[in-house]
Amino acid sequence: NPSTINSGQSSQLTASGASTYSWSTGGNTASITVTPTSTTTYTVTGTSTAGCSNTATVQVTVNTFSCGDNLTVTHTAGSVAPVNKTVTYGTVSYINKCWITRNLGASNQASSATDTTEASAGWYWQFNRKQGYKHDGTNRTPNTTWISSIDESSDWLPANDPCTILLGTGWRIPTKTEWVNADNTGGWDNYTETYNSVLKLHAAGYLGYIGGSLYSRGSYGYYWSSTQNSSTNGWYLYFSSGNSSIKSANNKAYGFSVRCLRD
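These numbers come from a predicted model, not from an experiment.

(A) Broad picture of the overall build of the chain. Along the backbone of the chain there are 4 helices and 20 strands. Its C-alpha atoms give the chain principal-axis dimensions of roughly 75 × 40 × 35 Å. Taken over 263 residues, the chain has a buried fraction of 49%. Sequence separation of at least 24 residues holds for 56% of the intrachain contacts in the chain that already meet a minimum separation of 6. For the chain, the exposed area adds up to about 11400 Å²; of that, 44% sits on carbon and sulfur atoms. Across the chain, the 15 positively charged side chains and the 13 negatively charged ones have centroids separated by 4 Å.

This is the structure we're talking about:
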């Protein structure tokens, strides 16, 4: 479950009704997690306490992917995705990378540079933290205690990268250099130009580092890179009606948008 996955994703297979289990992978537990690179059939043999055995098979279908294809992902609420949601992400090639064309967690692509809807904003993340946050303009989900200060000498670790976790192996948050290259290549000077680019970047706002409240949706865009500037600061892409540049946040505890790419 699921029986169909995108390349780089995993599926959990579960058997029941027996005392012991033997999988074709070599596993011997009731549930195993597999990450096949191509469509694969798995076999499990269950044996009862009386010594009776039965064998079953399950096929996990792997969707092949080429940049430009749609990428459909079912997000499950937990330690990364804040809510259950199935999203079909568009993808596009830009400066030798493959990018999704909406924010991570967004139900749809923004309709304008100043789109103020939650559906287009997607989710927000604090630097090097797995947990994403939805904000509908009034309430934040999950409404857990907000981390108001992050002080650690680390870039965004791959194990905490929501792009990798939610979209599959190979997807990741852009580095500072990749955002610099994107900004320079596009010659971006404002949010009209970021939105008119193939990436369709819009002003999704941010969550404040004190309390995690929503600010500036429809006015400013803040997109994390995976690169830190110091133990308390992280680099990000910023744009408004009159500016676009790479800046360093004065607190990694801000909740900014995430846009994913892969090599």
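On we go.
(B) Up close: the layout of surface pockets. In this model, the second largest pocket occupies a volume close to 220 Å³. Elements with a minimum of two residues in the lining of the second largest pocket: strand E2 (11–14), strand E3 (20–23), strand E5 (40–47) and strand E6 (53–63). If you tally residues by element for the lining of the second largest pocket, the top one is E6, at 5 residues. Taken together, the residues that form the lining of the second largest pocket break down as 9 nonpolar, 11 polar and no charged.

(C) Spatial organisation of the nonpolar core. Membership of the largest hydrophobic core comes to 29 residues, with the highest contact counts inside it found for Tyr89, Leu104, Leu167, Trp171, Trp224, Phe256 and Cys260. At the level of elements, strand E7 (71–75), strand E8 (85–89), strand E10 (97–100), helix H2 (162–167), strand E16 (221–228) and strand E17 (234–239) are the ones that each hand at least two residues to this core. With residues up to four places along the chain from it excluded, the contact list for Leu104 reads Tyr89, Gly122, Trp123, Trp125, Pro162, Cys163, Leu166, Leu167, Val258 and Cys260. Formed by 25 residues, the second largest nonpolar core is a distinct cluster that contains Val92, Tyr94, Ala204 and Tyr223.

(D) Examining unusual backbone geometry more closely. Residue Pro142 is bonded to the preceding Thr141 through a cis peptide linkage, with omega at -5 degrees. You will see that Asn96, though not glycine, has its phi angle at about 65 degrees, which is positive. Take Asn96: it is sitting in the loop between strand E9 (91–94) and E10. Judged by its relative accessible area of 74%, Asn96 is exposed. Of note, Lys200 is a non-glycine position whose phi angle comes to about 55 degrees, a positive value. Here Lys200 is to be found in the loop between helix H4 (191–196) and strand E14 (206–207).

(E) Looking closely at the packing of aromatic side chains. If you walk through the whole model with that rule in mind, you get 25 aromatic pairs. Relative to Trp171, the ring of Phe65 lies with its centre 5.8 Å away and its plane at 65 degrees, an arrangement referred to as edge-to-face. Within this pair, whereas Phe65 is found in the loop between E6 and E7, its partner Trp171 is found in the loop between H2 and helix H3 (176–186), the two being separated by 106 residues in sequence. Relative accessible area serves as the criterion here: at 1%, Trp171 is assigned to the buried category. The interplanar angle of 20 degrees and the centroid separation of 5.6 Å between the aromatic rings of Tyr223 and Phe239 together place this pair among those described as stacked. Taken as a pair, Tyr223 in strand E16 and Phe239 in strand E17 lie far apart in primary sequence, 16 residues in all. Exposure remark for Phe239: the relative accessible area of 0% places this residue in the buried category. In this structure an aromatic cluster arises from ring pairing among Phe127, Trp156, Tyr206, Tyr209, Tyr215, Tyr220, Tyr222, Trp224, Tyr236, Tyr238, Tyr254 and Phe256. In this structure, Lys176 packs its charged tip against the face of Trp235, placed 3.8 Å from the ring centre.

Conventions we followed
- Residues numbered from 1 in each chain as written.
- Predicted model: local features only at pLDDT ≥ 70, side-chain atom pairs only at ≥ 80, totals over all residues.
- Heavy atoms only, no water.
- Helix = DSSP H or I, 4+ residues; strand = E, 2+ residues; numbered from the N terminus.
- Buried < 20%, exposed > 50% of the residue type's maximum accessible area, 1.4 Å probe, protein only.
- Contact = heavy atoms within 4.5 Å.
- Areas by Shrake-Rupley, 256 points an atom, 1.4 Å probe, with all protein chains shown as cover.
- Lys, Arg positive; Asp, Glu negative; His and termini not counted.
- Charge placed at Lys NZ, Arg CZ, Asp CG, Glu CD.
- 1 Å grid on protein atoms, 1.4 Å probe; cavity = no way out; pocket = protein on both sides within 12 Å on 5 of 7 lines; lining within 4 Å.
- Points joined across faces, edges and corners; volume = space filled by probe spheres on them.
- Nonpolar A, V, L, I, M, F, W, Y, C, P; charged D, E, K, R; others polar.
- Core = buried A, V, L, I, M, F, W, Y, C linked by side-chain atoms within 4.5 Å.
- Phe/Tyr/Trp six-rings, centres within 6.5 Å; stacked < 30°, edge-to-face > 60°.
- Lys NZ or Arg CZ within 6 Å of the ring centre and 35° of its normal.

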